[in-house]
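Observations on the model geometry
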Amino acid sequence: SQTIHQWPATLVQPVGSPLSLECTVEGTSNPNLYWYRQAAGRGLQLLFYSVGIGQISSEVPQNLSASRPQDRQFILSSKKLLLSDSGFYLCAWSLTGYEQYFGPGTRLTVT
Amino acid sequence: QQPVQSPQAVILREGEDAVINCSSSKALYSVHWYRQKHGEAPVFLMILLKGGEQKGHDKISASFNEKKQQSSLYLTASQLSYSGTYFCGTVGGGFKTIFGAGTRLFVKA
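Below: a short report on this structure. Residue indices follow the written sequence of each chain, beginning from 1 at its first position. Chains and ligands are labelled by the order in which they are written, letters from A for the one and numbers from 1 for the other. Per-residue local features of the predicted model are confined to residues with pLDDT of at least 70, and side-chain atom pairs are confined, for both listing and counting, to 80 or more; whole-chain, interface and lining totals are unaffected and use all residues. The side-chain quantities take in all heavy atoms of the structure and omit both hydrogens and water.

1. A few points about the overall build of chain A
Which entries qualify depends on this criterion: In this text, helices come from DSSP runs of H or I with a minimum length of four residues, and strands from runs of E with a minimum of two, each type numbered from the N-terminal end. Every radius of gyration here is taken over C-alpha atoms, with the globule rule written as 2.2 Å times N^0.38, N being the number of residues. We call two residues contacting when some pair of their heavy atoms lies within 4.5 Å. Accessible areas in this description were obtained via Shrake-Rupley with a 1.4 Å probe; residue shielding takes into account the shown protein chains only. We count Lys and Arg on the positive side and Asp and Glu on the negative side, and we leave His and both chain ends out. Note on charges: their place is set at NZ of Lys, CZ of Arg, CG of Asp or CD of Glu.
Regarding its fold elements, chain A presents zero helices and eleven strands. The helix and strand sequence of chain A, counted from the amino end, reads β-β-β-β-β-β-β-β-β-β-β. A compact globule built from 111 residues should have a C-alpha radius of gyration of about 13 Å, and chain A, at 13 Å, falls within 12% of that. Dimensions of chain A, computed from C-alpha atoms along their principal axes, come out at roughly 35 × 25 × 20 Å. Across chain A, every contact between residues at least 6 apart in sequence was considered, and the portion connecting residues at least 24 apart equals 54%. Just so you have it, chain A exposes about 5,100 Å², and 53% of that area is on carbon and sulfur atoms. Here chain A contributes 7 positive and 6 negative side-chain charges, whose respective centroids are spaced 10 Å apart.

2. Concerning the interface of chain B and chain A
As a reminder, the rule being used: What counts as buried area is the accessible surface, traced by a 1.4 Å probe, that two parts surrender upon association, with contributions from both included. The working definition used for a salt bridge is a side-chain nitrogen of Lys or Arg within 4 Å of a carboxyl oxygen of Asp or Glu. Polar contact is the term for a pair of N or O atoms within 3.5 Å; when the atoms are in protein, one must be able to donate a hydrogen and the other to accept it, and sequence-neighboring residues count only if both atoms are side-chain atoms.
Across the contact, 20 residues belong to chain B and 24 residues belong to chain A. Counting each side, the surface lost to burial between chain B and chain A is near 1,600 Å², with a carbon and sulfur contribution of 62%. The largest contributions to the chain B side of the interface with chain A come from Phe95(B), Lys96(B) and Phe99(B), which together make up 33% of the buried area. Seen at the junction of chain B and chain A, the total is one salt bridge. The salt bridge involving Glu59(A) is made with Lys96(B); its shortest N-O contact spans 3.0 Å. For the pair chain B and chain A, the number of links is five residue pairs in polar contact (both at pLDDT 80 or more). Of all the secondary structure elements, the ones that give two or more residues to the side of chain B that touches chain A are strand 4 (31–36), strand 5 (43–48), strand 9 (84–91) and strand 10 (97–99) of chain B.

3. Considering the pairing of strand 5 (residues 45–52) of chain A
Residues and elements named next belong to chain A. The cut-off we apply is this: We call a residue buried when its accessible area falls under 20% of the maximum for its residue type, exposed when it is over 50%, and partly exposed in between, using a 1.4 Å probe and counting protein chains only. At least two DSSP bridges between two strands are required for those strands to pair.
Of all eight residues making up strand 5, six are buried, and the element is well covered by its neighbours. Relative to strand 5, strand 4 (residues 32–38) is paired through five bridges, and the arrangement is antiparallel. Looking at strand 5, one finds that Tyr-36 is bridged to Leu-46. From the end of strand 4 to the start of strand 5, which pair antiparallel, there are six residues, and Gly-41 there has a positive phi angle of about 70°.

4. So, the sheet that holds strand 7 (residues 64–70) of chain A
Residue and element names in this part refer to chain A. Operational definition: Lines fitted to C-alpha atoms define the axes, with helix axes restricted to the stretch in contact, and inter-axis angles between N-to-C directions lie between 0 and 180 degrees.
Spatial ordering of the open sheet is given by 1-3-8-7, a layout of four strands whose pairing is antiparallel. Whereas interior strands pair on both sides, the edge strands pair on one side only; in this sheet they are strand 1 (3–7) and strand 7. Averaged over neighbouring strand pairs, the angle between their axes works out to 15° when direction is ignored. In this sheet, strand 8 (residues 73–78) lies alongside strand 7 in antiparallel orientation, the contact comprising five bridges. Note on strand 8: the bridge partner recorded for Gln-70 is Gln-73.

5. Overview of the environment of Asp71(A)
Residue and element names in this part refer to chain A. Checked against the element boundaries, Asp-71 lands in the loop between strand 7 and strand 8. Note: C-alpha distance between Asp-71 and Arg-42 (29 residues apart in sequence) is 30 Å. Those residues in contact with Asp-71 that sit more than four places away from it in its chain are Ser-29, Asn-30, Pro-31, Leu-33 and Ile-53. Here the side chain of Asp-71 touches Asn-30 through a polar contact of 2.8 Å, landing on its backbone nitrogen.

6. Focus: the state of the cysteines
Put simply, the rule is: Whenever a pair of cysteine sulfur atoms sits within 2.5 Å, that pair is classed as a disulfide.
Tallied over the entire structure, the rule returns two disulfides over all chains. The residue that forms a disulfide with Cys23(A) is Cys91(A), at a sulfur-sulfur distance of 2.0 Å. Disulfide Cys23(A)-Cys91(A): torsion about the S-S bond near -75°, hence left-handed. Linking Cys23(A) in strand 3 (residues 19–26) with Cys91(A) in strand 9 (residues 87–94), this pair joins segments that are 68 residues apart in sequence. By the burial criterion, Cys23(A) is buried, and Cys91(A) matches it. Between the sulfur of Cys22(B) and that of Cys88(B) lies a disulfide, 2.0 Å long from S to S.

7. Section: the sheet that holds strand 3 (residues 18–23) of chain B
Residues and elements named next belong to chain B. The sheet built from five strands is open, its strands ordered 1-3-8-7-6 with antiparallel pairing. Single-partner strands in this sheet number two, and they are strand 1 (4–6) and strand 6 (54–57). Mean inter-strand twist for the sheet, computed between neighbouring axes without regard to direction, equals 15°. Relative to strand 8 (residues 70–75), strand 7 (residues 60–65) is paired through six bridges, and the arrangement is antiparallel. Bridged to Asn-65 within strand 8 is Gln-70.

Geometric descriptors of this kind do not, in isolation, establish any biological role.
Right, here's the structure in full:
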């Protein structure tokens, strides 16, 4: 069966510090991978998605970037965090582009 | 374009029914539904791919009216465990999903 992991589970970072969030999927090959951000009490904002190694589509022009160095690994990064980057970051995978399966998420607080 | 969900929030007592709607101003080719409990990740419930399709999962079912460009989620005889935020999603260009803003459902004992 497929499993998706995200870490860390929670993170508190000062403004201006770098960020690296990692997501890995097990039990499947060549998944589509997604990064979402959810502000408190709000909906799901798609940040990036990837259909293959090295292929990244950006949905939001911000100070965030994503990389997919391996088939089942997706990394979200920032060089300098802003207060507005706080939120719940969710990684998801899908084989069809239809149903998506989410990881447990990383709760990021920028102080 | 983001699908529109209504209502924004619903408060129910256990055993009551609810309907959550999802509509789009653009043609809908598929609709998927998710539930997110407080502090957790969204969980996929079901997907509807064809106009007129209906699906059920326990006492939660959904319909898809392709012509009206809308889908409805039906929660029958609600239980406390149904509380959470329900999102509908539609597939945009490529493999990306566009989610509605969500409907918060509170079920009280």
